[in-house]
Structure formats: C-alpha cells, structure tokens
Amino acid sequence: MTSARRLDVTTSRATEFVDVTTRLQDAISAAGLREGRLHLQSLHTTLGLTINENEPLLLGDLQATLERVAPGAEVYEHDNLLRRMDVEPDEPRNGHAHCRHLLLQPACTLLVEAGRLVLGRWQSVFVVELDGPRERQLALQMDGEFVATETAGARDRSDRELVELELARQLLVDPEQVRGPMRRLVEAGGKRLRPLLAMLTSRLGSQDDPLRAAALAAAIELLHDASLVHDDYLDQAAIRRGRPTVASTEGPARAVAVGDYYFAKATRMIAQLGNPDVSCTIAHAVETICLAQMDDVRSRGMYPGDHAMYVRVVRGKTAALFAAACKAGAQLGAAPAGVVERLHQFGDLLGIAFQMADDLLDYSVSSGKPLGQDIRQRTVSLPLIYATEDARHGSRVRELLAGPLEDDDVEEVQELVQASGALERVGNEARGLVAAALRELEELSLDGVGSQLTDLAQSTVDRVR
Amino acid sequence: MSTTGLADEVGTNLAGLESVWDSSIWDSSMRDSYAFYRSQARPEVALAAALVESAVALQDLGRRAPEPPRLLLGDLCLARASRLLAETGDTRLQVAFAVAVERVAAEAAGGPAARALRELLVAAISEHR
C-alpha cells in the first residue's frame, strides 16, 4: 500500500536549515504507516535535503561551509542572463545556490518502524533553503504496512488534517503584518497536542461535529502560539521550533501586537461556536495562564524553588490549557458532566507530565532545543530543583545558580544535574503522572477514542526516551 | 457615581490585578474609563471595556515594546476582560470586543488603520445592548 502527499515549507532567510523531523513524523502518524519507508523529494533545484544534528552552532558551520564552497559574491555563468535562453522576467541570480545544491540531496528515503521514523540519537531531517525566502514544497510518498483503515484510524487522520486546514484557512484572511509571523510559527511544526486533545474529546458526546471541533482546536493552537510569541519576547529567546522567534525577526513591538491579535482572534473563533460553557472554560484557562506567568516571574526571586512551587506554576502555565482543551472539546460535543470533569483532570495531569518531559529536553542534544536554555534563562525547572536537593551535588548546584552563569557554569550545572540522578527522577515522575492521567479515563466509556488518548498521553513522555 | 462607589463595584473583579488597582493606571485612566463605560453598560461589560483599554495602554500597543511586567499585566487585563465577557454568556458581545482588539492590534503591527479603540468598544456595546 502507498500514500502520497505534499509538505509545504515557508522559508524566511536566504540560506536556512529547516528541521522537518516532527512534521515528517506527524505525516507518518496521520497516514497510519507502521512499517515501511518514507520517500522525501525536493521539488526545487535550490532546495536540498540533509540529515544532520540540530545544534545551532553546527548549523552555522554548515552554512559557512556552503558559503566557502560556492561564495555568493563569486561570478557564475548561470547569472549572466544575457547569454541564457528563455529567461523569466523575475529570474533570480542564484548560480551559487545551484552549485551549493551539489553538496546536498534532492531526495532521500527514511525507514519507519513501529510507526516511528528510524533516526539515530543525533539525527534530524533538514530541508535546506539555498535561495530563500520562498514558499517551497516537498513530495512525500510512503509505502509499507499501514494501520488497518478502520473508521477510527481514518477519522484520526482526517482530524489532524482538519486542524491543519482550519489553521491555514484562518491565517489566510488575516492582515499580512500579523499573518506572516504567525504563519511561520504555525508552519514550523509543533506537536499540536492541545488541538488534538480537543478533537478527540469532542467525539465523546451526542453532538460530535468534526468541523466545529476543528474550529475549537485551531483556536486553541492559536492561543497557545500567541502566548509563545509573548513568552519569547519576555525570555529574549532567539529560536522557537528551530526557527527565529517572532520578536527576533519582527522586533518586540510587533511581536506584542501579533500576540494580542491572535489572542483576540482565537477568543472570537471560540465565541462564534456559540457555546457559553466552552467560552468560559477557555477564558478561565487563559486567565489562569496569565496569573501563573506573573507567579512565575515573582517566584524567580526564590529560584530554583521547590517541588510545590514548580507544580503550582506549571499547573497554571502549561497544564491549564491541556485541561481546558480536554474539557472544552467534551463540552462542545455535549459529553455528560462526569466525563467532562474526568477529562479535565486527565488534561491537568497530562499537562504537568508534558512540562516535566519538556524540562528534560534541556539536557538532550537531539531535542532541537538549545542546550542549557532553561539554566541560562533561570526558568523554573524540576531537574534543577531535584539536583539542588541532592546530598552530594546540591550545594555546588545552588552555588553555581546563585552566580552569573557563564558558559562553563552552565555546562557544569548540566553535568551535576545528570550526575545527581535528577533526570531519571523527573522522567519517572512524568511517567507516573501519565499513568495517573490514564487512570482518570478507566471508568469512562470512551467510544473508540480510548486508544488514541492513551497514545497521545504516552507520546508526551516518550519524546525524551 | 463616586470614586468609592466605583471601586466597590469593581473590586471583587480585580483580584490578581492589584498592580493595576494600586497604580496610577487605576487612579487615572482606568477609573475614568470605567466610569465612562458604566454610563452605557452593565458593570461587568464596563469593566471588561476598561480592562481592554488598560491592556492597550500598559502594552504601549503600536508604539514601543513594553517592559516585561507591563506586558504580563496587559495580558492579564485582556484575559480578565475575556473571562468577564464569557461569563455574560453573550457571544455576540464577545465577538464584537474581540474584533475591536484584533483591529487595534493589526494596526499596531503595521496593518490597516483602525478606528480608535474606545470608538470600537462603544460601537460593540451599543450594537449588542
């Protein structure tokens, strides 16, 4: 059996390494491929493919290598448009980009086992823009054994596609000044856990309507992304989902406006569903997130804090939207009140587990997240809290965290956290929370979405294994 | 309505917004703003409108990037306004307020010019009264 589709990629710089690993994995999951191959092919002569390590400094080295091999300032016969035939009016001078393409692949095949891309610990799949910024397209084909195309499987795939379509549709009508930055963030990937939770839970009532659920799911994703735009300005973060942040490309003043625009737009989309319970659920969650953000900032005076403080902040900042996505989805589908409340609990526990797993990515080179970012930004993080409690290394960790944190200090903190066993402790706690979240579902009649909710819950902690 | 009366009326809805409540924002613009909207709308809607105005002022929308505490407080003002409106159950009013913020934010990002925020909010209130 085979499956084919296209993957759209929007690039924002002349030369850019875009990590598409997550999007490829999503495509595999959406297609239901369990064992087989994913074939990936660039549809452009100045867009290549490569598999390499997602480490920002290395990506700089690779870009410098491309520049050395075919300098942009060199003279290329291809750019002598007077000597060429059939030249388009807007023909770019990009001889260097074609020459650089010699170092890359136009196509590649990746193996898939148990529904997952087979990649080594350090491997990420990159699309390499050589003549951007541009709108690009890749062709994907999959062959092998697919999950049986039962109704639920087909519905899962169509749910994911509906969310993406709704996001694209919503972005299409916005003014370019806000749409451009948000579109780049949305298209950069993301796991879409919150919208998928809303889609799944919306099936649990008597008013299952995929189109209305997709509108809710897309609004939840836009709310999440709007909060990321503001967070990145506050944290002075340069990279999000492997790309420059909105604040770093558009400037902080526009980033604030873009965040506000999509907060308002998402609120409108939810109100237009005409379900007051859903509106209240999401509005309460957003307010909780904002209060937790302020709590987080205040708590930084007690950095790195303790477990109780961590859970309080994370429950507000992260878990509130997971819980609201589950609850609002169920409310939209008119699920019974008892089911709605259990799903809210499920989302709350899952959200905390998700954040714990996310904290662990700060110590994982293959995560795509800049190493040691949480330490540098003094973000509340459970591995650090546990490391400070360690009898052997705790005092040194506290001493380092109290100082200015130069690069050497960050590296030493990372080593001490690993040596303290804090990472294993956090990993176990996150898995325990996922198990507790799943227990919330045990007594519910989940009408065919039980296995999907379980898979989604497990995926929150599986990503750090 | 007296200053004390206004403060009593909205006090319970401002928990967590003490920074706004205690600051010059409340002492001047927000109090005046609330009094203005209160003359044409019920308390929770008037407070929502005043909070939206405060958010835009706190975040210096369309002018410069705010200091982080002002951004956070502005976000909280917008969120609180959204929650107050959601609790009214009036979805058309929620939509009208959201559209007003969208227009002002789009203009602040360099997009199409919008009418003044107060004008947009007054129109939203009067159309859905």
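Everything quoted here is computed from the prediction, not taken from an experiment.

### Describing the overall build of chain A
And then number 1: When helices and strands are tallied, chain A shows 18 helices and 10 strands.
And then number 2: The C-alpha atoms of chain A give 23 Å as radius of gyration, which agrees with the globular expectation for 465 residues (23 Å, within 12%).
And then number 3: Dimensions of chain A, computed from the C-alpha atoms along their principal axes, are close to 75 × 55 × 45 Å.
And then number 4: In chain A, 78% of the contacts between residues at least 6 apart in sequence involve partners at least 24 apart.

### Things to note about the overall build of chain B
And then number 1: Within chain B, the secondary structure is distributed over 7 helices and 0 strands.
And then number 2: Its helices and strands taken in sequence order, chain B reads α-α-α-α-α-α-α from the N to the C terminus.
And then number 3: For chain B, the proportion of its 129 residues judged to be buried stands at 51%.
And then number 4: Sequence-distant contacts in chain B: of pairs separated by 6 or more residues, those separated by 24 or more amount to 60%.

### Some thoughts on the sheet that holds strand S6 (residues 116–117) of chain A
Residue and element names in this part refer to chain A.
And then number 1: Spatial strand order, S1-S8-S3-S5-S6: 5 strands in an open sheet with antiparallel pairing. A strand with exactly one partner marks an edge of an open sheet, and here the two such strands are strand S1 (2–10) and S6.
And then number 2: Relative to S6, strand S5 (residues 107–113) runs antiparallel, the two being bridged by 2 bridges. Bridged to Glu 113 within S6 is Arg 116.

### Examining the pairing of strand S2 (residues 16–19) of chain A
Residues and elements named next belong to chain A.
And then number 1: What you see with S2 is no split at all: Glu 16 and Val 18 on one side and Phe 17 and Asp 19 on the other are buried throughout.
And then number 2: Pairing of S2 with strand S7 (residues 124–129) involves 4 bridges; the strand directions are antiparallel. Considered in S7, the bridge of Asp 19 is made with Phe 126.

### Focus: the interface of chain B and chain A
And then number 1: Each partner contributes residues to the interface: chain B has 34 residues there, and chain A has 34 residues.
And then number 2: Of all elements in the fold, only helix H5 (68–88) and helix H6 (91–108) of chain B reach the threshold of two or more residues within the side of chain B that touches chain A.
And then number 3: Looking at the side of chain B that touches chain A, the element that brings in the most residues is H5 of chain B, giving 12 residues.
And then number 4: Looking at the side of chain B that touches chain A, its residues break down into 19 nonpolar, 9 polar and 6 charged.

### Points about helix H12 (residues 337–360) of chain A
And then number 1: In this model, H12 of chain A (24 residues) spans 35 Å end to end at C-alpha, consistent with the 34 Å of a helix rising 1.5 Å per residue.
And then number 2: With respect to burial, H12 of chain A is a largely interior element, 20 of its 24 residues being buried.

### Side note on unusual backbone geometry
Residue and element names in this part refer to chain A.
And then number 1: Pro 133 follows Gly 132 through a cis peptide bond whose omega is -5°.
And then number 2: Backbone geometry places Ala 334, a non-glycine residue, at a positive phi of 60°.
And then number 3: Structurally, Ala 334 can be placed in the loop between helix H11 (307–332) and H12.
And then number 4: Overall, the presence of 16 C-beta atoms within 10 Å leaves Ala 334 in the partly exposed class.

### Topic: the domain arrangement of chain A
And then number 1: Examined at the domain level, chain A breaks down into domain 1 (1–79 + 91–147) and domain 2 (151–168 + 190–206 + 276–465).
And then number 2: In this structure, domain 1 of chain A and domain 2 of chain A have C-alpha centres spaced 30 Å apart.

### Some remarks on the confidence of the model for chain B
Residue and element names in this part refer to chain B.
And then number 1: Confidence along chain B averages 87 in pLDDT terms, with 81% of residues attaining 70 or more.
And then number 2: For chain B, the element scoring lowest by mean pLDDT is helix H1 (residues 3–11), at 63; H6 scores highest, at 96.
And then number 3: The ipTM value of the predicted complex is 0.91, and its pTM value is 0.74.

### So, helix H18 (residues 450–462) of chain A
And then number 1: Here H18 of chain A spans 18 Å end to end across 13 residues, near enough to the 18 Å set by a 1.5 Å rise per residue.
And then number 2: Here H18 of chain A has its buried residues at Gln 452, Leu 453, Ala 457, Thr 460 and Val 461 of chain A.

### Observations concerning the pairing of strand S8 (residues 135–146) of chain A
And then number 1: By the bridge criterion, 9 bridges tie S1 of chain A to S8 of chain A in an arrangement that is antiparallel. Directly across from Leu 7 of chain A, in S8 of chain A, lies its bridge partner Leu 138 of chain A.

### As for the environment of Asp 359 of chain A
Residue and element names in this part refer to chain A.
And then number 1: Within the fold, Asp 359 resides in helix H12.
And then number 2: Asp 359 sits 216 residues away from Asp 143 along the chain, and the two C-alpha atoms are 35 Å apart.
And then number 3: Apart from residues lying up to four places away in sequence, Asp 359 is in contact with Asp 374, Ser 381, Leu 382, Pro 383 and Val 426.

### Description of the sheet that holds strand S4 (residues 47–52) of chain A
Residues and elements named next belong to chain A.
And then number 1: The 3 strands lie next to each other as S2-S7-S4, forming an open sheet whose pairing is antiparallel. A strand with exactly one partner marks an edge of an open sheet, and here the two such strands are S2 and S4. Put simply, the sheet's adjacent strands are angled 30° from each other on average, direction ignored.

### Points about the nonpolar core
And then number 1: Counting 148 residues, the largest nonpolar core has Leu 216 and Ala 353 of chain A together with Val 52 and Phe 97 of chain B as its most contacted members.
And then number 2: Of all the elements, H11 of chain A adds the most residues to this core, at 14 residues.
And then number 3: Discounting chain neighbours no more than four positions away, the residues touching Val 52 of chain B are Leu 78, Ala 81, Phe 97, Val 101 and Leu 121 of chain B.
And then number 4: Core analysis: the next-biggest nonpolar cluster, separate from the first, contains 24 residues, Val 9, Val 112, Val 125 and Phe 126 of chain A among them.

### Things to note about the packing of helix H14 (residues 382–389) of chain A against helix H15 (residues 394–401) of chain A
Residue and element names in this part refer to chain A.
And then number 1: The N-to-C vectors of H14 and H15 enclose an angle of 125°; their axes lie 6 Å apart at closest approach. In terms of axis orientation, H14 runs oblique to H15. Residues Ala 387, Thr 388 and Glu 389 of H14 lie in contact with H15, whose contacting residues are Gly 394, Val 397 and Arg 398.
And then number 2: Per-class residue counts for the contact of H14 with H15 are 2 nonpolar, 2 polar and 2 charged.

Analysis parameters
Residues numbered from 1 in each chain as written. Chains lettered and ligands numbered in written order. Predicted model: local features only at pLDDT ≥ 70, side-chain atom pairs only at ≥ 80, totals over all residues. Helix = DSSP H or I, 4+ residues; strand = E, 2+ residues; numbered from the N terminus. Rg over C-alpha atoms; globule rule 2.2 N^0.38 Å. Contact = placed C-beta atoms within 7 Å. Buried ≥ 20, exposed ≤ 12 C-beta atoms within 10 Å, placed from the backbone. Pairing = 2+ DSSP bridges. Nonpolar A, V, L, I, M, F, W, Y, C, P; charged D, E, K, R; others polar. Expected span 1.5 Å × (residues − 1). Domains from an automatic or database assignment. pLDDT = per-residue confidence, 0-100. Axes fitted to C-alpha atoms, helices over the stretch in contact; angles between N-to-C directions. Core = buried A, V, L, I, M, F, W, Y, C linked by C-beta atoms within 7 Å. Parallel < 35°, antiparallel > 145°, perpendicular 65-115°, else oblique.

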